[in-house]
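Listed below are the residues making up each chain.
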Amino acid sequence: MKVNLMSTKSRNYFLDNYKALLILLVVIGHFIEPCYTNNLFLTILKWVIFSFHMPAFIFISGYFSKKDMRLEKLIQKLVIPYFVFELLYYFLYVFVIHKDTGLYFNRPKFSLWYLMSLFFWRIITPYFKKIPGNLAIAILLGLLVGFTQLGNFFSIPRTLFFYPFFLAGYYFQEDWFRSVWAHWKGFTAGLGVLAGLLGSWVLVTGQKLSPLIFYGRYSYEDTGLSNSQGLFIRLLCYGISFLAIFAVCSIIPRGQHFYSILGVRTMSIYLFHGLVYSLLKDGHILEQVDTPLETCLLLGFCTLLTFALAAKLPYRFVTWISSITIPSVHKRPNGQND
């Protein structure tokens, strides 16, 4: 009999709580973007967040994607919300904040790249997993895409860069968390070593780095690195992110708490927070955050916004648009549509 290591109840509260932390960091990470260079705390916070929050989020997405999903279901859950929010962003940009943009669907706006990438990951993984050494190949592809200048086209650079985390989560078994919890000190120590190696490289070479190295969207040239430097740094980033995913497991509660609901309703938070961010950024409010008080107020606002976007109204809207029925492309044996 398989024992649920996370909870004695039906829900997996450990991963709910982990996702709750991650979605809060997603919101904070975006809202501090215009001001993270204003003080040391925000700079460090930016580096810490982007070193692991999306890799961990995608790892958990892969963990929950073990069951294959039919194409029409993927379209329903991912493609339709993508198109709906692309339209919402377009209307916001053009008619509210008067930002010069176009209505195109092959270049995701703001954080919508995740829906596009998740769709591709869910589509290809049932086939890609049949290839021997597929995880190593995924890492290699993530390294090689750094040589290209694809920009945001179909989110290809991010899709390839982050795919190893999705694939690792796909293979991860629930029982393995017991080993992760037992060896958290080793993961933390390894994380410290790699972070120290990254810092030492900066000191020795004098090469300036930015959190862009963890974004996955930018080429080595875009981040001011040569191809050889970019390969080394990106491989180091992979190591840091993977170790951080497991090191953070040690601080995640395993029972139900008031904030666990955030981990259940991540999609509404993820999709809506960018609209609020775009409005505040256009008003040049965020870039002025500097003092400790302003920093605390911004972090408090991000926390309140995260809970607000987990409320019933935005959650029901996202649930509704991701439940729109589409015609099935499969047929039953008697020739009738599903």
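Structure shown above.
Keep in mind the model is a prediction, meaning the values are calculated, not measured. (Residues numbered from 1 in each chain as written. Predicted model: local features only at pLDDT ≥ 70, side-chain atom pairs only at ≥ 80, totals over all residues. Heavy atoms only, no water.)

S.K.: Requested: an account of the packing of helix H11 (residues 266-282) against helix H13 (residues 312-321), with residues and values cited.
M.R.: For the pair H11 and H13, the least separation of the axes is 9 Å and the interaxial angle reads 95°. Comparing their axes, H13 and H11 come out roughly perpendicular. Contacts between H11 and H13 pair Met267, Ser268, Leu271 and Phe272 from the former with Pro314, Tyr315, Phe317 and Val318 from the latter. A per-class count over the contact of H11 with H13 returns 7 nonpolar, 1 polar and no charged. (Axes fitted to C-alpha atoms, helices over the stretch in contact; angles between N-to-C directions. Helix = DSSP H or I, 4+ residues; strand = E, 2+ residues; numbered from the N terminus. Parallel < 35°, antiparallel > 145°, perpendicular 65-115°, else oblique. Contact = heavy atoms within 4.5 Å. Nonpolar A, V, L, I, M, F, W, Y, C, P; charged D, E, K, R; others polar.)

S.K.: Go over the nonpolar core with me, naming the residues and quoting the values.
M.R.: Formed by 97 residues in total, the largest nonpolar core has its most connected members in Tyr18, Met54, Ile58, Phe85, Tyr114 and Trp121. Residues within four places of Met54 in sequence aside, it is in contact with Val26, Trp113, Tyr114, Phe162 and Tyr270. (Core = buried A, V, L, I, M, F, W, Y, C linked by side-chain atoms within 4.5 Å. Buried < 20%, exposed > 50% of the residue type's maximum accessible area, 1.4 Å probe, protein only.)

S.K.: Quick rundown of the packing of helix H3 (residues 71-96) against helix H4 (residues 113-128)? Include the residues and the values.
M.R.: In contact at an axis separation of 9 Å, H3 and H4 are set at 170° when each is read in the N-to-C sense. The orientation of H3 relative to H4 falls into the category roughly antiparallel. As for how H3 packs across H4, the hand of that crossing is left-handed. For the pair H3 and H4, the contacting residues are Leu71, Leu74, Ile75, Leu78, Val79, Pro81 and Tyr82 in the first and Leu115, Met116, Leu118, Phe119, Arg122 and Ile123 in the second. The residue inventory of the contact of H3 with H4, partitioned by class, reads 12 nonpolar, no polar and 1 charged. (Left-handed = near helix turned anticlockwise from the far one by under 90°.)

S.K.: Hey, could you go over unusual backbone geometry for me, with residue numbers and the actual values?
M.R.: Residues other than glycine seldom take positive phi values, yet His98 does so here, at roughly 55°. Phi at Phe154 takes a positive value of approximately 50°, unusual for a residue other than glycine. With respect to the helices and strands, the residue Phe154 is situated in the loop between helix H5 (134-144) and helix H6 (156-171). Given a relative accessible area of 34%, Phe154 falls into the partly exposed group.

S.K.: Explain helix H2 (residues 40-63) residue by residue, including any values.
M.R.: With 24 residues, H2 should cover 34 Å at 1.5 Å per step; its first-to-last C-alpha distance of 35 Å lies within 8% of that length. At Ile49, H2 is deflected by roughly 30°, the largest bend along its length. When you tally the buried positions in H2, you get 18 out of 24 residues, the bulk of the element. Between a side-chain oxygen at the N-terminus of H2 and the backbone nitrogen of Phe41 the separation is 3.2 Å; the capping residue is Asn39. (Expected span 1.5 Å × (residues − 1). Bend = angle between axes of the 7 residues up to and from the residue. Polar contact = N/O pair within 3.5 Å; in protein donor to acceptor, adjacent residues only side chain to side chain.)

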